[in-house]
Amino acid sequence: MAYLPFPRMLQLETTPRCNATCVICPNDQIQGREEMSMEMIEKVIHDCEGRGLNELHPFFTNEPLMDTRLFQVFDLAQEYLPETGVHLYSNMSLMTERNAYKMLEYSNFKFIAFSLDGATKDVFEKMRPGLAWDKVRSNCDRFLELRSELGRKDVHVKAVLTLTPENEADSQPFINMWADRVDEIMVMGCDGRNALGDYAAGEREGKAGWYAQDPRWPCRQHRCHQHSMYVLSNSNVVLCCKDIMGHTIVGNLERESVEEVWTGDTMNRLRLKLDNGIYDEEACRRCPLMGP
């Protein structure tokens, strides 16, 4: 099978740092990863220059605004990847009016998801310890106001709630809260990445039920190995967005270019296995969606 000569999406963990310990996220379990150097970030962006990259996602499981160099990354993308849309997921706790204004000034900033997981103060703060609902809600409101004031309706805004037993009752209020205010609302089943037990990672029938509306379930539908690359802050390229701990390493961008990893023997071997329904890599065995 012929594969794309270059990824269409590149997710780049510039830092593993986050300011919350969310119920659904294993970020606080990450050990041994430091911030990616600015030199490496520049190298990755230059590797993508002129290659038709559609999307750059400068985050992984972290909060992107925890990286004080985020706007330097935006500057580099604007200069060297003007055809590439910059996409963010954010918990919005650090999205001050100043940060929102600066972000909306970048013409290739095209997408942001408000990762919220609740529609009420009690539920939100239980789901996202370390964050304050009133502040986050105010930041979201002001971002939407500025988007309108600056004429940036081309920036797609999505509000996201990930279901767990603690917030299931908030799903309809969440939809009601954001209806007619954002471009997209996603209420999705938890993928179990933080070992949430039977609710997310129990019997396969249960997994399919909670995850049925998410196009990422399972890998054989989303097929991210055919179009997307995931880079950890230690420069390791991993197989997919679920491999947060780096169990299956495809390559390392300190030693190789983005193209060399993408078209290399290791990546092609893994793609062929996944395309044939063989999920025996360490990342697959540990995956809450595909594993036992």
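Shown above is the structure to which this text applies.
Residues numbered from 1 in each chain as written. Predicted model: local features only at pLDDT ≥ 70, side-chain atom pairs only at ≥ 80, totals over all residues. Heavy atoms only, no water.

Engineer: Is there a simple way to think about the nonpolar core in this case?
Structural biologist: When a protein is soluble and globular, its nonpolar side chains tend to lie buried together. Counting residues in hydrophobic clusters, the biggest one holds 72 residues, and the most contacted among them are Leu10, Phe109, Ile112, Phe114, Phe143 and Trp178. Apart from the residues lying within four places of it in its own chain, the contact partners of Phe109 are Phe74, Val86, Leu88, Met103, Leu104, Phe143, Arg152 and Val155. Ile30, Tyr230, Cys241 and Ile244 belong to the second-largest nonpolar core, a separate cluster that totals 10 residues. (Core = buried A, V, L, I, M, F, W, Y, C linked by side-chain atoms within 4.5 Å. Buried < 20%, exposed > 50% of the residue type's maximum accessible area, 1.4 Å probe, protein only. Contact = heavy atoms within 4.5 Å.)

Engineer: Explain the packing of aromatic side chains here, please?
Structural biologist: The relative placement of two aromatic rings is captured by the distance of their centres and the angle of their planes. Under the counting rule described, the total for this entry stands at 11 aromatic pairs. Aromatic side chains Phe74 and Tyr106 sit 5.0 Å apart centroid to centroid with 50° between the ring planes, which places their arrangement in the tilted category. Note that Phe74 is positioned in helix α2 (residues 70-80) and Tyr106 in the loop between α3 (97-104) and β4 (109-115), a separation of 32 residues in sequence. You'll find Phe74 and Tyr106 in the same group, each marked buried. Here Phe109 and Phe143 contribute two aromatic rings whose centre-to-centre distance is 6.5 Å and whose plane-to-plane angle is 85°, an arrangement assigned as edge-to-face. Residue Phe109 is located in strand β4, and its partner Phe143 is located in helix α5 (residues 133-149); the two are separated by 34 residues in the primary sequence. You can call Phe109 buried: its relative accessible area is 0%. (Phe/Tyr/Trp six-rings, centres within 6.5 Å; stacked < 30°, edge-to-face > 60°. Helix = DSSP H or I, 4+ residues; strand = E, 2+ residues; numbered from the N terminus.)

Engineer: So what exactly am I meant to see when it comes to the pattern of salt bridges here?
Structural biologist: Between side chains of opposite charge, a pair can form as their charged atoms come close. Following the criterion strictly, the structure yields 20 salt bridges and no others. Arg128 is the salt-bridge partner of Asp117, the closest N and O atoms lying 2.9 Å from each other. With a gap of 11 residues between them, Asp117 in the loop between β4 and α4 (121-127) and Arg128 in the loop between α4 and α5 connect regions that are remote in the sequence. Overall, the relative accessible area of 6% leaves Arg128 in the buried class. The shortest N-O distance in the salt bridge between Asp141 and Arg181 comes to 3.1 Å. (Salt bridge = Lys/Arg side-chain N within 4 Å of Asp/Glu carboxyl O.)

Shape is all these values report; function is a separate question.
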